[in-house]
Amino acid sequence: MDRIDRKLLNLLQHDASRTNVDLADAVGLSPSSCLRRVRRLRKAGIIDRIVARLNPSKTGRVLKAMVTVELKLHGDQHMRRFLDLATAEPAVSQAYAVTGETDVVLVVSLRDMEEFDALCDRLFRDQTNVARFFTMMVIRTAKDETAIPI
């Protein structure tokens, strides 16, 4: 990956809707050379996917919460089972297996507390292998960036 690839990746991370002609102009390449580079970066898996980022308040998903989860039973099989359950939930936007006292961290986007209560029933109660969970409701977002420094 050279300087031009890094510049293309930075431009795409901040606005993936830019046209190929605009990208080519920004990095000083012909449109065909630029397109080849972007295709190569996609094929190599460096560009994982291109998505539209939505405004949560405009879509009715006004509550965001971070949930830490401690499992009763440990081991790869138990972790995988819980992560499969969590990732199947549409409200879960991020799920991480982590080190330390906590086993899993979830980021959830919700319409309201009723939806959160129903999610808790499905993920954290009864036969889900959860010993305890702690919820932190987001009251203010200082930074919400998806770009990775390159």
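Read on for a plain summary of the structure.

### Examining the overall build of the protein chain
Then, number 1: Scanning the protein chain from N- to C-terminus turns up five helices and four strands.
Then, number 2: A globule of 150 residues ought to have a C-alpha radius of gyration of about 15 Å, yet the protein chain, at 20 Å, is considerably larger.
Then, number 3: Projected onto its principal axes, the C-alpha coordinates of the protein chain cover approximately 60 × 35 × 25 Å.
Then, number 4: Residues counted as buried form 30% of the 150 residues belonging to the protein chain.
Then, number 5: If you sum the accessible surface of the protein chain, you get close to 10300 Å²; carbon and sulfur atoms cover 52% of it.
Then, number 6: One way to put it: in the protein chain the 24 positive side-chain charges average out to a point 8 Å from where the 20 negative ones average out.

### Structural notes on a nonpolar patch on the surface
Then, number 1: Nonpolar side chains collect at one region of the surface, where Met 1, Ile 46 and Ile 150 lie side by side and expose about 300 Å² of accessible area between them.
Then, number 2: Along the chain, the position of Met 1 falls in the segment before helix H1 (3-14).

### Here we look at the packing of aromatic side chains
Then, number 1: The tally for this structure, following the rule as stated, stands at one aromatic pair.
Then, number 2: Considering the side-chain rings of Phe 124 and Phe 133, the 4.2 Å spacing of their centres and the 25 degrees angle between planes classify their relative orientation as stacked.

### A short note on unusual backbone geometry
Then, number 1: The residue Asn 129 is not glycine, and still its phi comes out positive at about 70 degrees.
Then, number 2: Among the secondary structure elements, Asn 129 is positioned in the loop between helix H5 (113-124) and strand E4 (130-137).

Cut-offs and rules
Once a new chain begins, its residue numbering starts again from 1 and follows that chain's sequence as written. In keeping with the predicted nature of the model, local features appear solely for residues at pLDDT of at least 70, side-chain atom pairs appear and are counted solely at 80 or more, and the whole-chain, interface and lining totals rest on all residues. Excluding hydrogens and water, the side-chain figures rest on all heavy atoms present in the structure. Under the scheme used here, helices are H or I runs from DSSP no shorter than 4 residues and strands are E runs no shorter than 2 residues, and both carry numbers assigned from the N terminus. Here the globule rule reads 2.2 Å times residues to the power 0.38, and the radius of gyration is calculated from C-alpha atoms. We call a residue buried when its accessible area falls under 20% of the maximum for its residue type, exposed when it is over 50%, and partly exposed in between, using a 1.4 Å probe and counting protein chains only. For every accessible area listed, the method is Shrake-Rupley and the probe measures 1.4 Å; residues are considered covered only by the protein chains on display. Residues scored as positive are Lys and Arg, those scored as negative are Asp and Glu, and His as well as the terminal groups of each chain are ignored. Positions of charges follow a simple convention, taking NZ of Lys, CZ of Arg, CG of Asp or CD of Glu. A patch consists of residues exposed above 30% relative accessible area that lack any salt bridge, with like charges linked at up to 9 Å and nonpolar side chains (Val, Leu, Ile, Met, Phe, Trp, Tyr) linked at up to 5 Å. Basic side-chain nitrogens of Lys or Arg form a salt bridge, by our definition, when they fall within 4 Å of a carboxyl oxygen of Asp or Glu. Within 6.5 Å between ring centres, the rings of Phe, Tyr and Trp (the latter by its six-membered ring) count as paired, and their orientation is classed by plane angle as stacked under 30 degrees, edge-to-face over 60, tilted in between.

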